[in-house]
Amino acid sequence: MWWPSKTLIFSGIFLAYIFHSIYSIVDLFIPPTCNDPVCLNSFLSMKPKLQLLLCTTTVQKLEYYTQLELISTWSPLDYNEVTVKNVTVPIPPSTRRNGTLYLHAFVTEVPRTTTADWKQTLQQQSTMSTSVPLSLYLVPEAQTFNLLNDEKSNKDTTVKPMKDESRKPVTHLTKNLRLTMLTDLLAFPRKELPQDLFHLLRIIRSDTYLPPLRFDAFSSRLKDFYRLNKTEREITLELEFSPESIGKLRLGVQLEGAMESMKVFGFSAKDLDEVKTIFVGINMQYILLGLTMFVASVHV
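One numbering rule holds for all chains: residues counted from 1, following each sequence as written. Under the rules for a predicted model, residues below a pLDDT of 70 receive no local features and side-chain atom pairs below 80 are neither given nor counted, while totals for whole chains, interfaces and linings still include all residues. Hydrogens and waters are ignored; side-chain quantities use all the structure's heavy atoms.

Concerning the overall build of the chain
Thought 1: Secondary structure is summarised from DSSP: a helix means a run of H or I of at least four residues, a strand means a run of E of at least two, and numbering begins at the N terminus for each. Across its full length, the chain holds seven helices and 15 strands.
Thought 2: Buried residues are those whose accessible area, probed at 1.4 Å on protein chains only, stays under 20% of the maximum for their type, while exposed residues exceed 50% and partly exposed ones sit between those limits. Counting over 300 residues, the chain shows a buried share of 35%.
Thought 3: Within the chain, residue pairs in contact and separated by at least 24 positions form 81% of the contacts whose partners lie at least 6 positions apart.
Thought 4: Each accessible area value is a Shrake-Rupley result obtained with a 1.4 Å probe; residue values ignore everything except the protein chains displayed when judging cover. Split by element, the accessible area of the chain, about 19600 Å² in all, is 56% carbon and sulfur. The contact criterion used throughout is that any non-hydrogen atoms of two residues lie within 4.5 Å.

Next up, the structure:
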């Protein structure tokens with residue numbers, strides 16, 4: 001009687017694991033179908049006229065709309081197209097004194113009258129919102145000299161050691177942000193919502209959900225943050241609004257969850273920033289690299 005060898009058994013288990021992993025990734029890009037009489041439909045299927053309101057605040061947990069300062073309004077908002085704009089962000093005195101600053105984004109329906117108060121607009125049931133820190137506490141980089149480009153390279157140039165005060169984390173502000181919104185007009189079954197989307201969808205009616213609005217954490221890199229000068233009164237922020245498919249949304253949520261788990265295991269902000277470089281700007285060379293690794297693993 002023929003018995004399979006241990007090598008064949010372990011190779012089969014390994015191949016099963018590889019194909020299961022590939023299927024799990026592909027399944028993220030396959031939206032669930034709804035065959036129920038009543039399904040959850042996207043609010044965007046009504047083709048509403050929307051606007052984007054950008055506000056800043058110095059508090060992490062927003063309690064009242066009076067804590068917000070309106071800095072920019074994009075009206076109307078073409079949510080099916082990529083839009084990039086420069087936004088002027090005023091810097092409050094508390095932020096200049098090594099404080100924090102947060103950006104809140106609200107997507108609301110365009111009011112019928114031009115005299116409507118923007119704070120009342122935020123109270124609409126169909127308002128979508130998200131927030132992100134504009135500031136981050138980082139240790140300033142050491143000031144070094146480029147001896148190759150210095151005209152006085154013949155002189156004896158030394159780098160002075162950093163003082164203890166310069167090693168303390170100080171406020172850094174970002175220069176680039178990317179805001180995304182799910183624009184696929186999908187119908188979800190009410191009783192079988194995917195677990196990774198359950199906390200992102202907000203149901204406003206029995207058959208309508210608001211599409212998730214979020215800031216792309218993977219597009220924000222440490223190199224985009226710079227040390228805030230105490231004399232600065234405002235900064236220019238480049239904000240990109242981009243529509244997002246269901247596959248990219250679910251993949252981004254999975255990766256962000258993995259990053260949070262890595263923080264628990266002690267990974268530093270610099271380590272996580274290096275991990276982001278693997279997933280930001282994925283193109284054909286990364287696909288070819290994945291195929292190479294897969295073929296090599298099968299041959300092993």
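Things to note about the nonpolar core
Thought 1: Residues grouped as a nonpolar core are buried Ala, Val, Leu, Ile, Met, Phe, Trp, Tyr and Cys residues, joined through side-chain atoms within 4.5 Å. The biggest cluster of nonpolar side chains holds 32 residues, and the ones touching the most others in it are Leu54 and Leu103.
Thought 2: Where this core is concerned, the elements lending two or more residues are strand S2 (50-57), strand S3 (69-77), strand S4 (83-90), strand S5 (102-109), strand S6 (128-133), strand S9 (176-182), strand S13 (213-215) and strand S15 (234-244).
Thought 3: Among the elements that take part in this core, S15 stands out by supplying four residues, more than any other.
Thought 4: Excluding its chain neighbours within four sequence positions, the residues that come into contact with leucine 54 are Glu69, Leu70, Ile71, Ser72, Trp74, Val87, Leu103, His104, Ala105 and Leu239.
Thought 5: Counting eleven residues, the second largest nonpolar core, distinct from the first, contains Leu182, Leu186, Ile246 and Val253.

Some points on the sheet that holds S15
Thought 1: An order of S4-S15-S9-S13 is seen for the four strands of this open sheet, with the pairing classed as mixed. Looking at the sheet topology across the chains shown, the edges are occupied by S4 and S13. For this sheet, the mean inter-axis angle between neighbouring strands, taken without regard to orientation, is 30 degrees.
Thought 2: In this description, strands pair whenever DSSP reports at least two bridges between them. Sheet analysis places S4 next to S15, joined by eight bridges and oriented antiparallel. Note on S15: the bridge partner recorded for valine 87 is leucine 237.
Thought 3: Whenever a helix is involved, its axis is fitted only over the stretch in contact; in every case the axis is a line through C-alpha atoms, and angles between N-to-C directions fall within 0 to 180 degrees. Sitting on the sheet, helix H5 (residues 246-264) touches S9, S13 and S15, and the angle it makes with S13 is about 50 degrees.

Some words on the pairing of S6
Thought 1: Only one face of S6 is covered, namely the one carrying Met128, Thr130 and Val132; the face carrying Ser129, Ser131 and Pro133 has none of its residues buried.
Thought 2: Direction of pairing for S5 relative to S6: antiparallel, over a ladder of six bridges. Directly across from phenylalanine 106, in S6, lies its bridge partner serine 129.

Digging into the sheet that holds strand S8 (residues 170-174)
By definition, the strands of a sheet pair up through backbone hydrogen bonds, in either a parallel or an antiparallel sense.
Thought 1: What the three strands build is an open sheet, ordered S7-S8-S14; its pairing is antiparallel. The open sheet has two free edges, formed respectively by strand S7 (135-138) and strand S14 (225-227), since each of these has just one partner strand. Neighbour to neighbour, the strand axes of the sheet diverge by 40 degrees on average, direction disregarded.
Thought 2: Bridge analysis of S8 against S14 gives three bridges, and the strand direction is antiparallel. Across the sheet, threonine 174 pairs through a bridge with phenylalanine 225, a residue of S14.

What about the packing of aromatic side chains?
Thought 1: Working definition: a ring pair exists when centres of Phe, Tyr or Trp rings (six-membered ring for Trp) sit within 6.5 Å. Plane angles under 30 degrees give stacked, over 60 give edge-to-face, the rest tilted. Throughout the structure, instances matching the rule amount to two aromatic pairs.
Thought 2: Aromatic pair phenylalanine 188 and tyrosine 209: ring centres 5.3 Å apart, planes at 55 degrees, arrangement tilted. Remark: tyrosine 209 occurs in strand S12 (residues 208-210) and phenylalanine 188 occurs in strand S10 (residues 187-189); sequence separation between them is 21 residues. Accessibility assignment for this pair places phenylalanine 188 and tyrosine 209 in one class, buried.

Let's talk about the environment of valine 26
Thought 1: Considering the arrangement of structural elements, one finds valine 26 in helix H1 (residues 6-28).
Thought 2: Separated by 221 residues in sequence, valine 26 and glycine 247 have C-alpha atoms that sit 8.6 Å apart.

Considerations on H5
Thought 1: Here H5 is 19 residues long and its end C-alpha atoms lie 28 Å apart, about the 27 Å a rise of 1.5 Å per residue gives.
Thought 2: Backbone geometry just after H5 places glycine 266 at a positive phi near 95 degrees. By this rule the span expected of a helix is its residue count minus one, scaled by 1.5 Å.

Take it as geometry only, folks, not as evidence of what the structure does.
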